[in-house]
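These are the residues of each chain, in order.
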Amino acid sequence: MSNLITIERHILEQQRLFPEAHGELTDLLTDVAFAAKLVRKEVVRAGLADILGFTGSTNVQGEEVKKLDLFANEQIISAIGAHGRFAVMGSEENEEIIIPTNNESGNYVLLFDPLDGSSNIDVNVSVGTIFSIYKLKTSDPTKANLADCLQPGAEQVAAGYVIYGSSVVMVYTTGHGVHGFTYDPTIGEFLLSHENITTPKSGKYYSMNEGSYAQFNESTKKYLDYIKTEDKATGRPYSTRYIGSLVADFHRNLLTGGVFIYPPTTKHQNGKLRLMYEANPLAFICEQAGGRATNGRDRILDIQPAELHQRTPLYIGSTDDVIVAEEFEQGKR
Ligand code: P6P
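Residues numbered from 1 in each chain as written. Predicted model: local features only at pLDDT ≥ 70, side-chain atom pairs only at ≥ 80, totals over all residues. Heavy atoms only, no water.

K.L.:
Explain the domain arrangement of the protein here, please?
P.N.:
Accessible area lost on assembly of the parts is the figure often given for the size of an interface. Under the domain assignment used here, the protein contains domain 1 (7–194) and domain 2 (205–329). Averaged C-alpha coordinates put domain 1 and domain 2 at centres separated by 23 Å. Where domain 1 abuts domain 2, roughly 2,800 Å² becomes buried across the two surfaces, and 66% of that area is made up of carbon and sulfur atoms. On the domain 1 side of the interface with domain 2, the three residues burying the most area are I130, L150 and Y161, jointly 22% of the side's total. (Domains from an automatic or database assignment. Buried area = accessible area lost by both parts, 1.4 Å probe.)

This is how it looks when you write it as structure tokens:
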């Protein structure tokens, strides 16, 4: 048992790399891990509990909100907000920023997607929670505001996700590598299972929704034709792996290699995925694991946000595979 490292202990060890953080980072990430346990408890029993189906309401994205979305959102806001470490939050489910009740001592910002991939909940496909943490810019936490939430991804102090799948895994980075923890329900702890994750320079999977082919621009169509053409020297054709749940697709490619692409489409000309609580946290993790994340041209982490819920095209995964896709997107191939 002695070699079992809980996420709390690992975070504490990571804390020693941030002498200036005075233990706050430990508390933040421990809060997030705690909230993840609360969400997991319901997600893994979704088929049993009377929490399936639509609430009938719609969220800021105009999407039907499933009860579990709402539950996860409420759990994260209340469980984390109660500890007073975050001065302000932003959630995919809330149009406006959230000021926790006792935020007067908070020095950090939390942005999150409480349950990404929620359309898959009822059919037992993996879904996930994604989170992103920044230092508060406003000197007085009681005056925290939207500008504190609109920082480029490169300013993140921590980011991570929880994937609720065949097992529940929490992956995080504080800028010192990427580490994964698998939940052990027999002891109620996330235990270190994937230390220092590095992603292969190239893989054999591409993840895109080809059902949107008619909505793709010509360069994206050219890329798709290329990646499916046989050429043994470049390992083509790649295999398609597309779950329709960002965290699940990202996690697989992170571990095995490959590229996930949500390009501009006629329906989503700026892409569908959200910059602040989907692209940025996953880009931070991906780069820390040796991968690459852009919008087809610019580094995701360098984008200066203008709105809390703004969207972005996303090309993310193994560096060599992302570069090839970018070259098509930029008309260089
Ligand atoms: P499409 C789920 O709704 C989500 O936000 C991501 O988890 C997923 O990668 C994407 O949308 C799927 O979108 O248009 O392919 O169904």
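Having put the structure on the table, let's press on.
K.L.:
How do you make sense of the site of the ligand when you look at a structure like this?
P.N.:
Inspection of the region around the ligand gives D116, G117, N209, Y242, G244, S245, L246, F260, Y262, K272 and L273 as its neighbouring residues. In the environment of the ligand, an oxygen atom lies 2.6 Å from a nitrogen or oxygen atom belonging to the side chain of Y262. Expressed as a share of its isolated accessible area of 400 Å², the protein-covered part of the ligand is 81%. Considering only residue class, the shell around the ligand consists of five nonpolar, four polar and two charged. (Near = heavy atom within 4 Å. Polar contact = N/O pair within 3.5 Å; in protein donor to acceptor, adjacent residues only side chain to side chain. Areas by Shrake-Rupley, 256 points an atom, 1.4 Å probe, with all protein chains shown as cover. Nonpolar A, V, L, I, M, F, W, Y, C, P; charged D, E, K, R; others polar.)

K.L.:
What exactly am I supposed to notice about the packing of aromatic side chains here?
P.N.:
Geometry of an aromatic ring pair is reported as the spacing of the ring centres plus the angle between the planes. With the rule as written, the count across this model stands at seven aromatic pairs. When the ring of Y161 is compared with that of F250, the centres are 5.7 Å apart and the planes differ by 90°; the resulting orientation is edge-to-face. Here F250 lies in helix 6 (residues 246–256) and Y161 lies in strand 6 (residues 158–164), a separation of 89 residues in the sequence. A single burial state applies to Y161 and to F250, both of which are buried. A centroid spacing of 5.2 Å and a plane angle of 65° characterise the contact between Y183 and F190, whose relative ring orientation is edge-to-face. Three or more aromatic residues joined by ring pairs make a cluster, and in this case those are Y223, Y226 and F328. (Phe/Tyr/Trp six-rings, centres within 6.5 Å; stacked < 30°, edge-to-face > 60°. Helix = DSSP H or I, 4+ residues; strand = E, 2+ residues; numbered from the N terminus. Buried < 20%, exposed > 50% of the residue type's maximum accessible area, 1.4 Å probe, protein only.)

K.L.:
Quick question: what am I supposed to make of the pattern of salt bridges here?
P.N.:
Any two side chains of opposite charge can pair if their charged atoms end up close together. For the structure shown, the criterion picks out 18 salt bridges. The partner of D231 in a salt bridge is R236, and the shortest N-O contact between them spans 3.4 Å. Look at R236 and you get buried, because its relative accessible area is 13%. With its nearest N and O atoms 2.7 Å apart, the salt bridge here joins R333 to E327. According to the relative accessible area criterion, R333 is partly exposed, its value standing at 37%. Take E327: its relative accessible area is 24%, and that puts it in the partly exposed class. (Salt bridge = Lys/Arg side-chain N within 4 Å of Asp/Glu carboxyl O.)

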